[in-house]
Amino acid sequence: MAEKTKRKQVRYERNDIDAVFRKTPVFFNQVQPVKIINISKQGIALCSHQALKKNHHLKIMLSFIRGESFFLNGQVVHSFNQHNNSPYDEFIELYAGALSVPVPLPFKYGIHFERNYPRFMDYLIESGCKNGFEVQRRDLSRGR
């Protein structure tokens, strides 16, 4: 019988954070918009329209609505690359002038932050407590 796997890190569902990432090395320097699924002190789950492979390194910029920004180094540890235009894809609105264009985000990733960022970790918890964040506690043994 398989042992139950439980998430070791509590993840928070926040709608007050915007994020973009840049692939590294720097000659792939295009900024990619993403949609955050959930976030923790140790990593982030997100959707993107950029295909990445496991172990790929990124520079992630997180911008909180209250004006605080953080630049974090991360690595792809989970990759669910399925570009099939499913009706269940996440979307993000990109604005160009007065036009809004929905962009599908079919690729889902788990990104682990490569270092501990104490200032980010403190801000994530403190700002969430003030804003009433939602905590996601999902038993991974039940499937997705």
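Residues numbered from 1 in each chain as written. Predicted model: local features only at pLDDT ≥ 70, side-chain atom pairs only at ≥ 80, totals over all residues. Heavy atoms only, no water.

## Quick notes on the packing of aromatic side chains
Turning to step 1, where the next piece is worked out: Applying the stated criterion to the full structure yields 5 aromatic pairs.
Turning to step 2, where the next piece is worked out: With centroids separated by 5.5 Å and ring planes inclined at 85°, the aromatic side chains of phenylalanine 113 and phenylalanine 120 adopt a geometry described as edge-to-face. Neither residue differs from the other here; phenylalanine 113 and phenylalanine 120 are each classed as buried.
Turning to step 3, where the next piece is worked out: A connected cluster of aromatic rings, assembled from ring pairs, spans Phe64, Phe70, Phe113, Phe120 and Tyr123. (Phe/Tyr/Trp six-rings, centres within 6.5 Å; stacked < 30°, edge-to-face > 60°. Buried < 20%, exposed > 50% of the residue type's maximum accessible area, 1.4 Å probe, protein only.)

## Here's the deal with the confidence of the model for the protein chain
Turning to step 1, where the next piece is worked out: Put simply, the protein chain has an average pLDDT of 77, and 67% of its residues get 70 or more.
Turning to step 2, where the next piece is worked out: Least confident of the elements in the protein chain is strand β7 (residues 90–96), whose mean pLDDT is 58; most confident is strand β5 (residues 57–64), at 93.
Turning to step 3, where the next piece is worked out: Across residues 139–144, where pLDDT falls below 50, the model places 8 contacts with residues more than four positions away in sequence or in other chains. (pLDDT = per-residue confidence, 0-100. Helix = DSSP H or I, 4+ residues; strand = E, 2+ residues; numbered from the N terminus. Contact = heavy atoms within 4.5 Å.)

## Section: the layout of surface pockets
Turning to step 1, where the next piece is worked out: Empty space within the second largest pocket amounts to approximately 190 Å³.
Turning to step 2, where the next piece is worked out: In terms of lining residues, the second largest pocket is bounded by 11 residues, among which Ile17, Asp18, Val34, Lys35 and Ile36 are the most central.
Turning to step 3, where the next piece is worked out: Broken down by secondary-structure element, the contributors of at least two residues to the lining of the second largest pocket are β2 (17–23) and β3 (31–39).
Turning to step 4, where the next piece is worked out: Taken together, the residues of the lining of the second largest pocket break down into 7 nonpolar, 1 polar and 3 charged. (1 Å grid on protein atoms, 1.4 Å probe; cavity = no way out; pocket = protein on both sides within 12 Å on 5 of 7 lines; lining within 4 Å. Points joined across faces, edges and corners; volume = space filled by probe spheres on them. Nonpolar A, V, L, I, M, F, W, Y, C, P; charged D, E, K, R; others polar.)

## A short note on the environment of valine 77
Turning to step 1, where the next piece is worked out: On the secondary structure map, valine 77 appears in strand β6 (residues 69–81).
Turning to step 2, where the next piece is worked out: Residue classification places valine 77 among the partly exposed residues on the basis of a relative accessible area of 31%.
Turning to step 3, where the next piece is worked out: It is 9.7 Å that separates the C-alpha atoms of valine 77 and glycine 43, two residues lying 34 residues apart in sequence.

## Observations regarding the nonpolar core
In a soluble, globular protein the nonpolar side chains are often hidden away together inside.
Turning to step 1, where the next piece is worked out: Ile39, Ile44, Ile60, Leu62, Ile111, Phe113 and Phe120 are the most contacted members of the largest nonpolar core, which has 26 residues in total.
Turning to step 2, where the next piece is worked out: When contributions to this core are tallied by element, the ones reaching two or more residues are β2, β3, β4 (43–48), β5, β6, β9 (107–113) and α1 (118–131).
Turning to step 3, where the next piece is worked out: Discounting chain neighbours no more than four positions away, the residues touching isoleucine 44 are Arg11, Ile36, Asn38, Ile39, Ile60, Leu62, Tyr109, Gly110, Ile111 and Phe113. (Core = buried A, V, L, I, M, F, W, Y, C linked by side-chain atoms within 4.5 Å.)

## Considerations on the pattern of salt bridges
Turning to step 1, where the next piece is worked out: Overall, the coordinates contain 2 salt bridges when judged by the stated rule.
Turning to step 2, where the next piece is worked out: Notably, a salt bridge pairs arginine 14 with aspartate 16, separated by 2.8 Å at the nearest N-O pair.
Turning to step 3, where the next piece is worked out: Overall, arginine 14 belongs to the buried group, its relative accessible area being 9%.
Turning to step 4, where the next piece is worked out: Under the relative-accessibility criterion, aspartate 16 is labelled buried at 11%.
Turning to step 5, where the next piece is worked out: Note that glutamate 68 is salt-bridged to arginine 119, the shortest N-O span being 2.5 Å. Linking glutamate 68 in the loop between β5 and β6 with arginine 119 in helix α1, this pair joins segments that are 51 residues apart in sequence. (Salt bridge = Lys/Arg side-chain N within 4 Å of Asp/Glu carboxyl O.)

## Remarks on the pairing of β3
Turning to step 1, where the next piece is worked out: Two strands pair when backbone bridges link them, and β2 and β3 are joined in this way by 3 bridges, in the antiparallel orientation. The residue bridging phenylalanine 21 from the neighbouring strand is glutamine 32, located in β3.
Turning to step 2, where the next piece is worked out: In textbook terms, the turn of a hairpin is the stretch between consecutive antiparallel strands, and for β3 and β4 this stretch comprises 3 residues. (Pairing = 2+ DSSP bridges.)

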